[in-house]
Amino acid sequence: MLDTALYALAVVLIVAGLVGAVLPSLPGIPMIFGGIWLAAELDNYQHLGVGWVVVLGVLAAFGIAVDFIAASIGAKRVGASSTAIWGASIGTVVGLFFGLPGLILGPFVGALLGELLSSKSVLRSAHVGIGTWLGLLFGALVKLVLSLIMVALAAGVWLLHL
């Protein structure tokens, strides 16, 4: 009975994690990994071995890292100043507290303000803000793809007992 409830929890974590891969208010990748790890543990790693869990853990760590640094990479790619990159990072963290609008606007506004402090050019600052936003969008896409890969890989290995 407890195993059934824990398997149900694993499924809920994975499904909620997939939702979190799209909605930034949920930590999608950690939830997916937690659900997969819980299912593997409950099965004593018979269907999904420790090696596969480690591979999925590496994918999860990569996805989390991309999620945190994507906006900064976008800013750096358009030649942003270090102040703008710091602004994008701070804007991302502050944006977390304002839900979806904050997550969308936070990195842009942070990079814009940082570049304004550094160069005083509004046009240049807007260019940096857009580059930052595109980096964030790219990071979200990578996070979604990694989430789907993790679930598909875990399900495939589980079903095929590789």
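Quick caveat: nothing in here was measured; it's all calculated off a predicted structure.

**Here we look at unusual backbone geometry**
1) Next: In this structure, N44 is a non-glycine residue whose phi angle is positive, near 55°.
2) Next: With respect to the secondary-structure elements, N44 resides in the loop between helix 2 (28–42) and helix 3 (50–77).
3) Next: Positive phi outside glycine occurs at Y45, with the angle close to 60°.
4) Next: For Y45, the location among the structural elements is in the loop between helix 2 and helix 3.

**Regarding the confidence of the model for the protein chain**
Close inspection of predicted coordinates is inappropriate in any region flagged by low pLDDT.
1) Next: Summarising the model, the protein chain shows a mean pLDDT of 85, and 96% of its residues fall at 70 or more.
2) Next: Across the protein chain, the element-wise mean pLDDT spans from 81 in helix 4 (residues 82–95) up to 95 in helix 2.

**Thoughts on the packing of helix 1 (residues 2–22) against helix 2**
1) Next: At their nearest, the axes of helix 1 and helix 2 sit 7 Å apart, and the two run at 155° to each other. With respect to helix 2, the axis of helix 1 lies roughly antiparallel. By crossing handedness, the relation of helix 1 to helix 2 is classed as left-handed. Residues D3, L6, Y7, L9, A10, L13, I14, A16, G17, L18, G20 and A21 of helix 1 form the contact with helix 2, whose participating residues are G28, M31, I32, G34, G35, I36, L38, A39 and L42.
2) Next: Looking at the contact of helix 1 with helix 2 residue by residue, the classes come out as 15 nonpolar, five polar and one charged.

Cut-off values and rules
- Residues numbered from 1 in each chain as written.
- Predicted model: local features only at pLDDT ≥ 70, side-chain atom pairs only at ≥ 80, totals over all residues.
- Heavy atoms only, no water.
- Helix = DSSP H or I, 4+ residues; strand = E, 2+ residues; numbered from the N terminus.
- pLDDT = per-residue confidence, 0-100.
- Axes fitted to C-alpha atoms, helices over the stretch in contact; angles between N-to-C directions.
- Parallel < 35°, antiparallel > 145°, perpendicular 65-115°, else oblique.
- Left-handed = near helix turned anticlockwise from the far one by under 90°.
- Contact = heavy atoms within 4.5 Å.
- Nonpolar A, V, L, I, M, F, W, Y, C, P; charged D, E, K, R; others polar.

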